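# An overview of the molecular structure
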Amino acid sequence: MSEKRSGEDGILDLIAKYFPNRHPHMLLGRGDDCALMTVPQAAALGNSALFAVTSDIFAENAHFRTSYFTASDIGHKALAVNISDLASNGAKPCAFSFNLTLTERQDHAWLEECFQSMADLANRYDMVLCGGDLTKVPLTRTKEKTQEGLDPLTLGGLNIGITAWGTYEHGGVPLMRHRAYAKNLAAEKNAGRSVQADRPVQAGACMREGDILFRIGEIGLARLGLFLLEETQDKAKCAEKYPHAVNAHLRPSPLVREGLLLSRFAKEFPLFVMDISDGLMRDIPRLLARQGLVFADEKAFGADIVLTEDTLSSEVREYCGKNGLDPCLFAYKGGEDYGLAGVCAKEGFPALQAFCKKHAVEHFHALGAVTNGAVTFNRQIAEEAGFDHFQ
Ligand SMILES: Nc1ncnc2c1ncn2[C@@H]1O[C@H](COP(=O)(O)OP(=O)(O)OP(=O)(O)O)[C@@H](O)[C@H]1O
Ligand SMILES: Cc1ncc(C[n+]2csc(CCOP(=O)(O)O)c2C)c(N)n1
Ligand SMILES: [Mg+2]
């Protein structure tokens, strides 16, 4: 890598400098929604010997505020964002561990409420809690209110770090963001490592110009929820007029069923899929990157993205209409949508549309075609890069 990248990418580059991203038991390493691990001598078991692994942090004042998230909302969303990464890999959620950094503000009743909703979500997917760690940190105290006018005691604080595991159903294939997997297999083989290339995964598949981008799920709703809640700090008041937006922000529903369906479809036509966590504006270029960490030298694909108002939720349209905002741009920036974005070969796209219709997949929409140029949005080249914690 010649140039130092900034923001989150720069930190990931530094991690790559110190930690190798290959191992005989790792079929797909860092750089995707999940890593794919396998157990030794398990080739005969095929995909059932694969595990998807993913981690996400959920931190106070970066991801949520206790002023408008209840303990129940926090427990739900901390796990939901992890399950979303499994869903985007076509994996069936299986287990999780969670590391909890508490402050003096979470009492016994608070913990009960948080654990109840996390357990409800875990039970929905038959996930077992297989470990974790607990600690408590003192709150950072300031003399004055924060810039946003918040209580001086709210700085620092509560943090939930979750790692989740998923497995692959019989006949389902892991859904990757890009052709990294195929290339990693080739690289491992060239390096003389033992890899099981005969597995029914998407080895050899690669994205091409003319392939079709699609999304599943609402976009922009969670961002609207964030805007409203940040402005008023009042959940009940926001929910009166914008109930779906508030719910999308506080209690997202990971698209597990949809991910499993896509993983079945991918047996016929290769698909490249990721979850939309930072918003389409940020995440589409990631989906189109010809692999981040291992083969960073390759030029990314582009795409001509077209979003039309009729595919957006009425709450986003109403809010943007009232506030003089372009609803399509608002939804394209999004953030914390936790829908799925994918790429399908052009010749497979009609079959994908029919498949999603047959299985009553809601909010399935084509987004445009993959190109060898830049990423354009409604005919314009994006001026911003989208959400990044570090920029
Ligand atoms: N501290 C870290 N150590 C090792 N790998 C990391 C670390 N942070 C991120 N990564 C890896 O970098 C890749 C990109 O991270 P990122 O958080 O953007 O992915 P993600 O989990 O899909 O994002 P999101 O949480 O928004 O869904 C992932 O493969 C992730 O495992
Ligand atoms: C207080 C507060 N400030 C900002 C945001 C917005 N935000 C936080 S994380 C994220 C993207 C996904 O996270 P990650 O990339 O960590 O998975 C976005 C859009 C928020 N929710 N709350
Ligand atoms: Mg993800």
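This section reports on the structure supplied with the text. Treat the numbers as computed from the prediction; the structure is a model and nothing was measured. Residue positions are counted from 1 within each chain, in the order its sequence is given. Chain A is the first chain written and ligand 1 is the first ligand written, with later ones labelled in order. Reporting of local features is limited, given that this is a predicted model, to residues whose pLDDT is at least 70; pairs of side-chain atoms are given and counted only at 80 or more, and all residues count toward the totals for whole chains, interfaces and linings. No hydrogens and no water enter the side-chain calculation; it runs on all heavy atoms of the structure.

### Remarks on helix α5 (residues 221–232)
Put simply, the rule reads: What counts as a helix is a DSSP run of H or I of at least four residues, what counts as a strand is a run of E of at least two, and both are numbered from the N terminus. Given a helix with a known number of residues, its expected span is that number minus one, times 1.5 Å. Three labels apply to residues, based on accessible area from a 1.4 Å probe with only protein chains included: buried if under 20% of the type maximum, exposed if over 50%, partly exposed otherwise in between. By definition in these notes, contact holds between two residues if any of their heavy atoms fall within 4.5 Å.
With twelve residues, α5 extends 17 Å between its outermost C-alpha atoms, agreeing within 8% with the 16 Å of an ideal straight helix rising 1.5 Å per residue. For α5, every residue scored as buried is listed here: L221, A222, R223, L224, G225, L228 and L229. Considering only its buried residues, α5 is in contact with α6 (235–241), α7 (243–250), α10 (314–323) and α11 (327–333). Two residues or fewer past α5, Q233 is found with a positive phi of approximately 55°.

### Digging into the site of ligand 2
To keep it simple, the criterion reads: If a single non-hydrogen atom of a residue is within 4 Å of a molecule or strand, that residue counts as near it. Whenever two N or O atoms come within 3.5 Å, that pair is a polar contact, provided that in protein one can donate a hydrogen and the other can accept it, and provided that, for residues adjacent in sequence, both atoms are side-chain atoms. Here the term charged refers only to Asp, Glu, Lys and Arg, the term nonpolar to Ala, Val, Leu, Ile, Met, Phe, Trp, Tyr, Cys and Pro, and the term polar to all other amino acids, Gly among them.
The environment of ligand 2 is made up of 14 residues, and the closest members are A62, H63, D278, E336 and H389. In this structure, H63 approaches ligand 2 through a side-chain N or O atom, which is 2.8 Å from an oxygen atom. One of the side-chain nitrogen or oxygen atoms of H389 is found 2.6 Å away from an oxygen atom of ligand 2. Of the residues contributing to the shell around ligand 2, the split by class is four nonpolar, five polar and five charged.

### Section: the sheet that holds strand β1 (residues 26–28)
For the record, the criterion: Pairing between strands requires that DSSP locate at least two bridges from one strand to the other. Only the contacting stretch of a helix is used when fitting its axis, a line to C-alpha atoms as for every element, and angles between N-to-C directions run 0 to 180 degrees.
Ordered by their spatial adjacency, six strands build an open sheet running β1-β2-β3-β6-β4-β5, and the pairing between neighbours is mixed. Every interior strand has two partners, whereas the edge strands, β1 and β5 (128–136), have only one. Here the average twist between neighbouring strands, direction ignored, is 25°. In this sheet, strand β6 (residues 159–167) lies alongside strand β4 (residues 92–102) in antiparallel orientation, the contact comprising nine bridges. Bridge assignment links T101 to a residue of β6, and that residue is N159. The strands touched by helix α2 (residues 71–88) within the sheet are β3 (50–59), β4 and β6, with β3 carrying the most contacts at an inclination of about 145°. Packed onto the sheet, helix α3 (residues 108–124) meets β4 and β6 and runs at close to 165° relative to β4.

### Brief notes about the coordination of the magnesium ion (ligand 3)
Worth spelling out the cut-off: Counted as donors are the N, O and S atoms within 2.8 Å of the metal, or 3.2 Å for Na, K and Ca, while water is not among the atoms, so some sites may look incomplete.
Those donors, D33 (OD), D85 (OD) and D275 (OD), are the protein atoms that reach the magnesium ion (ligand 3), and they lie 2.0 to 2.2 Å from it. D33 gets classed as buried once you look at its relative accessible area, which sits at 5%. Among the residues examined, D275 registers a relative accessible area of 2% and is labelled buried.

### What about the pattern of salt bridges?
What counts here: For this document, the term salt bridge refers to a Lys or Arg side-chain nitrogen within 4 Å of an Asp or Glu carboxyl oxygen.
According to the stated counting rule, one finds twelve salt bridges in the structure shown. For the salt bridge of D73 with R251, the shortest nitrogen-to-oxygen distance reads 2.9 Å. Residue D73 is found in helix α2, and its partner R251 is found in the loop between α7 and α8 (256–265); the two are separated by 178 residues along the sequence. A relative accessible area of 25% places R251 in the partly exposed class. Across the pair D388 and R282 runs a salt bridge whose closest N-O atoms are separated by 3.4 Å.

### Some details on the environment of S55
Considering the arrangement of structural elements, one finds S55 in strand β3. Put simply, S55 and T163 are 108 residues apart on the chain and 4.2 Å apart in space, counted from C-alpha to C-alpha. Residues within four places of S55 in sequence aside, it is in contact with N82, I162 and T163. Side-chain polar atoms of S55 contact the side chain of T163, separated by 2.8 Å.

### Digging into the site of ligand 1
Rules: All accessible-area figures derive from a Shrake-Rupley calculation using a 1.4 Å probe, and residue coverage is judged against the displayed protein chains alone.
Taken together, 13 residues surround ligand 1, and among them G31, D32, D56, R177 and S277 come closest. Taking D32, its main chain carries an N or O atom lying 2.7 Å from an oxygen atom of ligand 1. With the chains in place, 67% of the 600 Å² that ligand 1 exposes on its own is no longer accessible. Broken down by element, the residue count for the shell around ligand 1 peaks at three residues, all from helix α1 (residues 7–18). By residue class, the composition of the shell around ligand 1 is two nonpolar, two polar and nine charged.

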